[in-house]
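Take a look at the letters that make up each chain.
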Amino acid sequence: MAKRIDVSDLDIYYSKFLAVEGVTFSVEPRTVTAFIGPSGCGKSTVLRTLNRMHEVIPGAYVNGKVLLDGENIYDSDVDPVNVRRTIGMVFQRPNPFPTMSIYDNVIAGIKLERTKGVKRDRASMDAVVEKSLRGANLWEEVKDRLSRPGSGLSGGQQQRLCIARAIAVEPQVLLMDEPCSALDPISTLAIEDLIEDLKERYTIVIVTHNMQQAARVSSTTAFFNLAGIGQPGRMVEMGPTAKIFSTPTEKATEDYVSGRFG
Amino acid sequence: MSNTATENEHDPLIPHGHQQTGRVGDRIFRGFASGAGIFVLVIMGAIGAFLIWKSIPSLQADSTNFFTTTEWFPDDNPAVFGIAALLFGTVISATIAMVLAVPVGIGIALFIAFYAPRPVASTLAFITDLLAAVPSIIFGLWGLAVLMPNMQGTAQWLNDYLGWIPIFDNTLGIYSKSLFIAGVVLAIMVLPTVSAVTREVFIQVPSEHVEGALALGATRWEMVRMAVFPFSLPGMISAAMLGLGRALGETIAVALILSAAFTINWHITEPGGNSFAANIALKWNEAGPIGLSALIASGLVLFLITLVVNMLARWIVSRRKDFSGAN
């Protein structure tokens, strides 16, 4: 079910403002790719173009191609809604729906699917909820209070609930936008362990400000930076995580990962 | 926060003797805030007491059942009057107003908050705010002069095609000065209020919930149902209550439009009907002592209706407190 992503010559605009320029990279299926770089360099923006979530902001558009197993998600006949159903996303701040129970949060995405002819009887829903919550390492903690509001959980549990919600629809790709930046170290560790498990089944792209995290969870790392003040963001280099953190090709990458700047 | 001062051994910024009660600014503000809160209660109590006190003479003089009588002759001897027709007219016209105004108001608010391009949205928001401030006499005049002549066709259409539903059946062939027209005018009058308040509520929905729904592959409408409506429900109910309060209590517009009649007529497109507020306004100047007291008694019932409706709404909202998103 995991698919590969090929991005070529991607320019991202907010109205007339060119935010990110000339990004080209590939992500292999069932790997974890980390985006690192200073704030405002466009790594979250690039991530959000992978499931067309940047279009939520009025005036945002892209030039270039994003291929999901060879199919351009920006083709004119592609509905962004369908793109988002196949590419899941986890946000910086845990965002379970506060008016829904834990159970309803997990199946929120499935309730939207009506084209595939998914079974939606109680028993198969129960199975999906258990499977997804187990997949998110949350089942044991919440199995006795599935009907309680999701907002009553701790921050780390809420974030795992959001991951359960994202994987319940069995996406091809899982995008994570700084998923641990609002969490304490213990919860962060739990999420990192989870990412380790999830990469068996999903293609994962994660944006992080935490370079140790990038080093721990990813096999490939991409470093983003601004071309200069007032210039658009760009991808400086991408390579195996071990290489990026030890012997990067570019001077800017080395400065950043060694803490000399950023 | 309020007990941090008491936990400190001695905060050098707080003089001795003030540690129990906090800083001077705090105390002034607390006094002001609780004073304002108490003031509201006192006003409410005073209004209720006034209404009860002043309505007792007429209720004692009434020779018929106050709740089921459809006549209004309080100054006769013996006095004969009751609120049945007023209650009917008030509830029906307000219900028509709510049925029309709430869905449309929510629609306008949704359009402004989530669908319209920004320049259109801000213009439209400005206009609805402006409309909410238009005095009701203007709506009444407009309803009488413009809407009523032009609504005849609609009312007739309802009779022709939906006449098998008893309330739309018109046995007289006269379509003006009806509760239906009054309800439509009330709907237009409360529409800006409902839409302005719901719009404010929709804008408060955290963007992370909106994005969360969209990222799951929700269409815009699915996102609205998944993230916006549940989160905004208490505010939407408050908006409807504000509108309902205005519709229930509206005097001039209704008095202008209805041909006051003390009847209970379920054929809502036929002339006739009355409401508490309109009746009070129309009868006040010509009423004798018992007549005045009787009008106040009808005002007491209106007061109680609004209280009950509001409490009901609060109760509905509080039942789902755990899921409100406020925790």
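Residues numbered from 1 in each chain as written. Chains lettered and ligands numbered in written order. Predicted model: local features only at pLDDT ≥ 70, side-chain atom pairs only at ≥ 80, totals over all residues.

A. How the structure looks around the overall build of chain A. If you tally the helices and strands in chain A, you get 11 helices and 10 strands. Relative to its length of 262 residues, chain A is compact, with a C-alpha radius of gyration of 18 Å against a globular reference of 18 Å. Structurally, chain A occupies a C-alpha span of about 55 × 45 × 30 Å along its principal axes. Buried positions account for 48% of the 262 residues belonging to chain A. Relative to all contacts within chain A whose residues are 6 or more apart in sequence, the contacts with residues 24 or more apart total 70%. (Helix = DSSP H or I, 4+ residues; strand = E, 2+ residues; numbered from the N terminus. Rg over C-alpha atoms; globule rule 2.2 N^0.38 Å. Buried ≥ 20, exposed ≤ 12 C-beta atoms within 10 Å, placed from the backbone. Contact = placed C-beta atoms within 7 Å.)

B. Local environment of the interface of chain B and chain A. Tallying the contact residues gives 20 residues for chain B and 21 residues for chain A. Looking at the side of chain B that touches chain A, the element that brings in the most residues is helix H7 (residues 207-215) of chain B, giving six residues. Per-class residue counts for the side of chain B that touches chain A are nine nonpolar, six polar and five charged. (Nonpolar A, V, L, I, M, F, W, Y, C, P; charged D, E, K, R; others polar.)

C. Seen up close, the confidence of the model for chain A. Residues with a pLDDT of 70 or more make up 96% of chain A, whose mean pLDDT is 89. Confidence scores differ between elements of chain A, with helix H4 (residues 108-112) of chain A showing the lowest mean pLDDT of 86 and strand S3 (residues 32-36) of chain A the highest of 95. (pLDDT = per-residue confidence, 0-100.)

D. Geometry of the environment of B:Ala49. If you trace the backbone, B:Ala49 turns up in helix H2 (residues 24-61). For the pair B:Ala49 and B:Leu300, spaced 251 residues apart in sequence, the C-alpha separation works out to 9.7 Å.

E. Structural context of unusual backbone geometry. Here the residue pair B:Asn77 and B:Pro78 is connected by a cis peptide bond, since its omega of 0° sits within 30 degrees of zero. Looking at the secondary structure, you find B:Pro78 in the loop between strand S1 (72-73) and strand S2 (80-81). The phi dihedral of A:Asp69 is positive, around 50°, even though this residue is not glycine. Mapped onto the secondary structure, A:Asp69 falls in the loop between strand S4 (60-68) and strand S5 (71-72). According to the C-beta neighbour criterion, A:Asp69 is partly exposed, with 13 such atoms within 10 Å. One non-glycine residue, A:Glu178, lies in the positive phi region at around 45°. Here A:Glu178 falls in the buried class, since 21 other C-beta atoms lie within 10 Å of it.

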